[in-house]
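# An overview of the molecular structure
As a plain string of letters, each chain reads:
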Amino acid sequence: MAQRSTQGGKRFFVWAALAGLVSGAVFLAAAELFALLLARSASPVLAVGGFVIDIVPQPFKEFAIATFGEYDKIALLAGLGLAVVIASAVGGILEYVRPPLGVVVIVIAGALSTAAVVTRAGVSPLGFLPPLLGAAAGAVILVMLSRRLRTWKAAAVPADGEEAPKAMGRRQFFLLAGIAGASAVIVGVASRAVSMAVTSVEAIRDNLSLPKPKSTVTIPNGAELDIEGISPLFTPNKDFYRVDTALTVPTVDPDTWRLVIDGMVDERVEMSFQDLLDMGLDEYVITLTCVSNEVGGELVGNAKWLGVPVRDVLKKAGVKGDADMVLSKSVDGYTASTPLSALTDDNLDAIFAVAMNGEPLPPEHGFPVRMVVPGLYGYVSATKWVTELKVTTFEKDEAYWTPRGYSAEAPIKFSSRIDTPKLGAAVDAGRIAIAGVAWAQTVGIERVEVSIDNGDWTPATLSAPINEDTWVQWFLEWDATPGTHYVAVRAVNKNGDLQIEDRAPIAPDGSTGWQRSLIRVA
Ligand SMILES: Nc1nc2c(c(=O)[nH]1)N[C@H]1C(S)=C(S)[C@@H](COP(=O)(O)O)O[C@H]1N2
Ligand SMILES: [Mo]
């Protein structure tokens, strides 16, 4: 009899874990529902995810990107999901074995997710409520399920000599677990789906028509070479590299978007999207580059932008004498530190961009407004979903990447890249074109040189440059003979400087080195 009791008792741990899982699901579903009703963007799951992204050390982030590639954020969410499942199951068992320890687990989870939500930028004042209400709902369900479970156990595994009470507990337990579990799934999924639909900026963006620009950029003849495999002169938006720390693409409604200029200014300025458009748009062609671009890498792209000069907006606020930096802030909390001089220089086209290659900015590239500054790496200048410029000093303020191992100031190191032939792809013997792109924003490319099999450096033919802020295409014709050949490329800028040969890693302020590749000729 005693033997039967122990065996019969064990299976209740499984049901206690199930009670924990159901409570966890109720927690998340209730939080999602209240986030939808009270405070959009206060989803604890996304807030905790965003928080984790911001606090994990840089080497771990690099490991995640190296291991999961562009699925790094999905991997993070899956990891979080697993953590929630384990914590919920453990909470359920604890509440069964030693109440109220399970409730304590939920309270801790509620406190952590509230902290994550309220420290996110752009959260509404009621943002703290959804995770708290979610935790409360989860705790109530856990207590109720645990009680039923104990009633059921008392009935099924009576202590020696005790009379078995009526076996009601079992039915009641499964009834509540079933209803609570099913409702959590339905409410949670529906709330998340509605949240995503009502915040669909896609719909708003599709209906947006931007005013015609006051001026356009003339594209010279010969700006684009007709060579198979070379990067197109303008990178299509769908192929444009994307780099940001946002777990989900921020959704910003242009109607409620505001740009604030504050800090060391004569007068704080606040502008609406319409105010910005009313300043008049001009067209710019600027090549954007990421500091994480390795030699020969893909994190560089060229686009036509419509925008307004940042200096014209700064003039409205009036910059105070000893400021030397502008900290631009995004709705997602991201910040970039740009030297003030780069934004006030009359000869530099630092802009607030609203359109990219003939359409409103794609959501993932910063809709409705982002910055683009020629000659500076994206992380110190190209803030997407930008909403505030704080005029300040490098001494007083620090941007997102500065404490994470990257320089506070980072001009783009000019570089050249081989696009074709691709490494490893065999080409037929005969006359072929070796071709690629080269960029030296704000200075311009003077010359690109190619060396084959360690031979002399031969000047390549360049496309007609659009301006100094834009990459040029280059090519060299070559009689390919069967076998494997080395090819190397380097550029010279319009100041006469030779591209740096020594290899440097991307941190702290951008890679250097000449790209060397192999061509296989069949
Ligand atoms: N809000 C926000 N803006 C951001 C970033 C970011 O993480 N968050 N990343 C920057 C970096 S590192 C680069 S290289 C460019 C990339 O712009 P793209 O994604 O449109 O190519 O955006 C910059 N702007
Ligand atoms: Mo970047």
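Residues numbered from 1 in each chain as written. Chains lettered and ligands numbered in written order. Predicted model: local features only at pLDDT ≥ 70, side-chain atom pairs only at ≥ 80, totals over all residues. Heavy atoms only, no water.

### So, unusual backbone geometry
Residue Pro99 is joined to Pro100 through a cis peptide bond whose omega torsion reads 5 degrees. Position of Pro100 among the secondary structure elements: in the loop between α4 (72-97) and α5 (101-118). Following Ala507, the chain continues to Pro508 via a peptide bond in cis, the omega torsion being 5 degrees. Mapped onto the fold, Pro508 is located in the loop between β18 (483-493) and β19 (515-521). The residue Asn357 is not glycine, and still its phi comes out positive at about 50 degrees. If you trace the backbone, Asn357 turns up in the loop between β7 (351-356) and β8 (359-360). Residue Asn454 is not a glycine yet carries a positive backbone phi of 60 degrees. Its place among the elements puts Asn454 in the loop between β14 (445-452) and β15 (458-459). (Helix = DSSP H or I, 4+ residues; strand = E, 2+ residues; numbered from the N terminus.)

### A closer look at the side chain of Asp419
Of note, Asp419 is situated in strand β11 (residues 415-420). Its relative accessible area of 5% is what places Asp419 among the buried residues. A distance of 2.7 Å separates a polar atom in the side chain of Asp419 from a polar atom in the side chain of Ser231. At a separation of 2.9 Å, a polar atom in the side chain of Asp419 contacts the side chain of Arg417. Beyond its immediate stretch of four places on either side in the chain, Asp419 contacts Gly229, Ile230, Ser231, Ala435, Gly436 and Val437. (Buried < 20%, exposed > 50% of the residue type's maximum accessible area, 1.4 Å probe, protein only. Polar contact = N/O pair within 3.5 Å; in protein donor to acceptor, adjacent residues only side chain to side chain. Contact = heavy atoms within 4.5 Å.)

### Quick notes on the site of ligand 1
Close to ligand 1 lie 19 residues, the nearest being Tyr241, Thr245, His365, Arg370 and Lys384. Val243 places a main-chain nitrogen or oxygen 3.0 Å from an oxygen atom of ligand 1. One of the side-chain N or O atoms of Ser330 is found 3.1 Å from a nitrogen atom in ligand 1. (Near = heavy atom within 4 Å.)

### Quick word on the packing of aromatic side chains
One pass over the structure, following the stated rule, counts 16 aromatic pairs. Aromatic side chains Tyr334 and Tyr400 sit 5.4 Å apart centroid to centroid with 35 degrees between the ring planes, which places their arrangement in the tilted category. Here Tyr400 lies in the loop between β10 (386-392) and β11 and Tyr334 lies in the loop between β5 (325-330) and β6 (335-339), a separation of 66 residues in the sequence. Tyr334 sits in the buried class, given a relative accessible area of 13%. With a relative accessible area of 7%, Tyr400 lands in the buried category. Summarising the aromatic geometry, the rings of Tyr379 and Tyr406 are spaced 5.7 Å apart at their centres and angled 65 degrees between planes, so their arrangement reads as edge-to-face. Of the two residues, Tyr379 is situated in the loop between β9 (370-372) and β10 and Tyr406 in the loop between β10 and β11; the sequence distance between them amounts to 27 residues. Since its relative accessible area comes to 9%, Tyr379 is described here as buried. Members of the aromatic cluster, connected to one another through ring pairs, are Phe12, Trp15, Trp152, Phe173 and Phe174. The ring of Phe234 is capped by Lys304, whose NZ or CZ atom sits 4.9 Å from the centre of that ring. Here Arg404 stacks its cationic end above the ring of Tyr400, 3.8 Å away from the centre of that ring. (Phe/Tyr/Trp six-rings, centres within 6.5 Å; stacked < 30°, edge-to-face > 60°. Lys NZ or Arg CZ within 6 Å of the ring centre and 35° of its normal.)

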